[in-house]
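# Reading the structure
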Amino acid sequence: MPELPEVETVRRGLADLIEGRSFKSIQLNRKDIRFPMRDGLGDVARGQTVTHVGRRGKYMIIELDGAKRLLIHLGMSGRLILGADVMADELFYQKQQINPRHNHVIMTFNDAAVIYNDPRRFGMVDLLDPDGGHYLLAHLGPEPLANEFDGHWLAQRLRFSKTSIKEKLLDQNLVAGIGNIYASESLHLAGINPKRKAGNIALARLVNLAEAIRNTLQRAIEAGGSSLKDYRGVRGAPGYFQHQFNVYDRAGEMCRSCGKDNIRKIQQSGRASYYCAACQR
DNA sequence: AAACCCGCCTGTGCGC
DNA sequence: TGCGCACAGGCGGGTT
């Protein structure tokens, strides 16, 4: 579900909420989510203060003053929910369309609680290694909003690729944080057809693409992310970027750039791609 | 090495 | 109204 802008929005809300607070407990309601829970996860944070909430791609990292770090990924349907007395509040669950049976992890602080709820269980809560690394982070590409990410870097990495550019943008080892929505939206903004072979795009167009990615992600963060269905911020607020979609989920509708009914939906590696057949070449 | 395909799960919306 | 099916924002791992 959540891509970089949604994770960043949740990260900011979580940071406001828990930075400087100390853990009372981590309650594990299952022995696995996507993977088996790490041994000792339930005990590791007790009494420790949160010094920082960071993000790498679509992963959030909660740093503690005891040098331990928690790693959280929301998968497709994971949510972090603020709840001091939420756990008993049926109205809240109804309004937020949350089924409490999917409350897999409950982090309790002195005067706050954060619930990890994830119906599909594609997400995870884990610990970083003592040296701060983790095998899931080890091969991630650069942050798209960092300076090291640009058209020249893309050109170098894509030079020999015969895969379509859309599929490459979903590869977290190329660049970290882009998912299905923002891949389609960024390619539209850059005027590049999602089917184009990644190794067959001129440098100038890749420069445009890198800029389009940064622009799209930045605007989506400013809008609090995109809420198609279940995504919400920590305090339950939806994002608004879906109202700015140019192509995603708009098959058959009018392209806002060229004014024609040219928005198509195709499948690439089993996943939907949307593009304007007139604007994207 | 890159590309393809599958599996992991539940919930929803669609066509019949 | 009910039922079955396809599909959904992700990612790792196996095979070719």
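Scroll up to find the structure this text is about.
The following paragraphs examine the structure supplied in this document.

Definitions and limits used
Residues numbered from 1 in each chain as written. Chains lettered and ligands numbered in written order. Predicted model: local features only at pLDDT ≥ 70, side-chain atom pairs only at ≥ 80, totals over all residues. Heavy atoms only, no water. Pairing = 2+ DSSP bridges. Helix = DSSP H or I, 4+ residues; strand = E, 2+ residues; numbered from the N terminus. Axes fitted to C-alpha atoms, helices over the stretch in contact; angles between N-to-C directions. Phe/Tyr/Trp six-rings, centres within 6.5 Å; stacked < 30°, edge-to-face > 60°. Buried < 20%, exposed > 50% of the residue type's maximum accessible area, 1.4 Å probe, protein only. Contact = heavy atoms within 4.5 Å.

As a further point, take the sheet that holds strand β6 (residues 103-109). Here four strands make up an open sheet; going across it, the order is β1-β6-β7-β5 and the pairing antiparallel. Pairing within the sheet leaves two strands with one partner each, and these edge strands are β1 (23-28) and β5 (79-82). Each strand of the sheet is rotated relative to its neighbour by a mean of 15 degrees, with strand direction disregarded. One ladder, built from six bridges, connects β6 with strand β7 (residues 112-117); its direction is antiparallel. Residue pairing for β7: M107 is matched across the bridge by V114.

Our focus in this paragraph is the pairing of strand β9 (residues 263-268). Across six bridges, β9 lies against strand β10 (residues 271-276) in antiparallel orientation. Along β10, the bridge assignment pairs Q267 with A272. Joining the antiparallel neighbours β9 and β10 is a turn of two residues, in which S269 adopts a positive phi near 50 degrees.

Bringing the packing of aromatic side chains into the picture now. Under the criterion given, the structure shown has six aromatic pairs. Consider the rings of F245 and Y248, whose centres lie 5.6 Å apart with planes at 80 degrees: the pair is edge-to-face. Residue classification places F245 among the buried residues on the basis of a relative accessible area of 3%. Judged by its relative accessible area of 12%, Y248 is buried. A centroid spacing of 5.0 Å and a plane angle of 65 degrees characterise the contact between Y248 and Y274, whose relative ring orientation is edge-to-face. Of this pair, Y248 sits in the loop between α6 (203-222) and β9 while Y274 sits in strand β10, placing them 26 residues apart in sequence. Y274 carries the same exposure label as Y248, and that label is buried. Grouping aromatic residues by their ring pairs yields a cluster made of Y182, F241, F245, Y248 and Y274.

Attention now goes to the sheet that holds strand β4 (residues 69-73). The strand order β2-β3-β4-β8 describes an open sheet built from four strands, whose pairing is antiparallel. Every interior strand has two partners, whereas the edge strands, β2 (50-56) and β8 (124-127), have only one. Neighbour to neighbour, the strand axes of the sheet diverge by 20 degrees on average, direction disregarded. Two elements, β4 and β8, share four bridges in a ladder whose sense is antiparallel. Each residue of the ladder has a partner; that of I72, found in β8, is V125. Where helix α1 (residues 4-18) meets the sheet, it contacts β2 and β3 (59-64), and its direction lies at approximately 180 degrees from that of β2.

Note that all results are geometric; they support no functional claim without further evidence.
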